[in-house]
Amino acid sequence: SALSKRLPEGLAGDLERARRQGRPLTLLLAESDPGYDILKLFAPRQTSAGMRDGMLNLHWIENANHGFSKKVMQDRLITRFLALDLIT
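A.B. asks: Please set out the pattern of salt bridges residue by residue, giving values where relevant.
C.D. replies: Going through the model one piece at a time under the given rule, you end up with 4 salt bridges. Of the charged contacts in the structure, one is a salt bridge between Asp75 and Lys71, with a shortest N-O distance of 2.9 Å. Taken together, the residues Asp75 and Lys71, both in helix H4 (residues 71-83) and 4 residues apart, mark about one turn of the helix. Judged by its relative accessible area of 34%, Asp75 falls in the partly exposed class. Under the relative-accessibility criterion, Lys71 is labelled exposed at 57%.

Shown next as structure tokens:
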């Protein structure tokens with residue numbers, strides 16, 4: 001089966017595994033967060049493929065830092081999360 005094929009290790013393997021299992025991922029990243037750069041550096045093929053087929057969805061929170069350290073940033077994160085309507 002497709003799942004029995006050897007997967008890459010690390011982040012690339014994690015993304016590939018989720019994609020093969022049909023598990024869409026949604027990431028909310030601070031505008032200044034290095035998360036997207038990390039995805040493109042360590043899992044470029046999986047990131048591109050996941051974004052192309054809708055299995056990897058990235059959303060940026062404007063005017064926020066990596067730790068969402070201020071209440072206004074946390075409020076933006078919560079508002080964006082709730083707007084995505086991911087909770088069923």
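A.B. asks: Describe in detail the nonpolar core, supporting the description with residues and values.
C.D. replies: As a rule of thumb, soluble globular proteins bury nonpolar side chains together. Judged by nonpolar contacts, Ala12, Leu15, Leu29, Leu39, Ala43, Leu56 and Leu58 together constitute the single largest core of 7 residues. In this structure, Leu39 is in contact with Leu11, Leu15, Leu27, Pro44, Thr47 and Leu58, ignoring residues within four places of it in sequence. Residues Ile61, Ala64, Phe68 and Met73 belong to the second largest nonpolar core, which totals 5 residues.

A.B. asks: Run through the side chain of Asp33, naming residues and quoting values.
C.D. replies: Position of Asp33 relative to the elements: it lies in the loop between strand S1 (25-30) and helix H2 (35-42). As a buried residue without a salt bridge, Asp33 has its nearest oppositely charged side chain in Arg76, at a separation of 14 Å. Side chain to side chain, Asp33 and His66 meet in a polar contact 2.3 Å long.

Reading the values: the criteria
- Residues numbered from 1 in each chain as written.
- Predicted model: local features only at pLDDT ≥ 70, side-chain atom pairs only at ≥ 80, totals over all residues.
- Heavy atoms only, no water.
- Salt bridge = Lys/Arg side-chain N within 4 Å of Asp/Glu carboxyl O.
- Helix = DSSP H or I, 4+ residues; strand = E, 2+ residues; numbered from the N terminus.
- Buried < 20%, exposed > 50% of the residue type's maximum accessible area, 1.4 Å probe, protein only.
- Core = buried A, V, L, I, M, F, W, Y, C linked by side-chain atoms within 4.5 Å.
- Contact = heavy atoms within 4.5 Å.
- Lys, Arg positive; Asp, Glu negative; His and termini not counted.
- Polar contact = N/O pair within 3.5 Å; in protein donor to acceptor, adjacent residues only side chain to side chain.

Coordinates in, geometry out; function isn't part of it.
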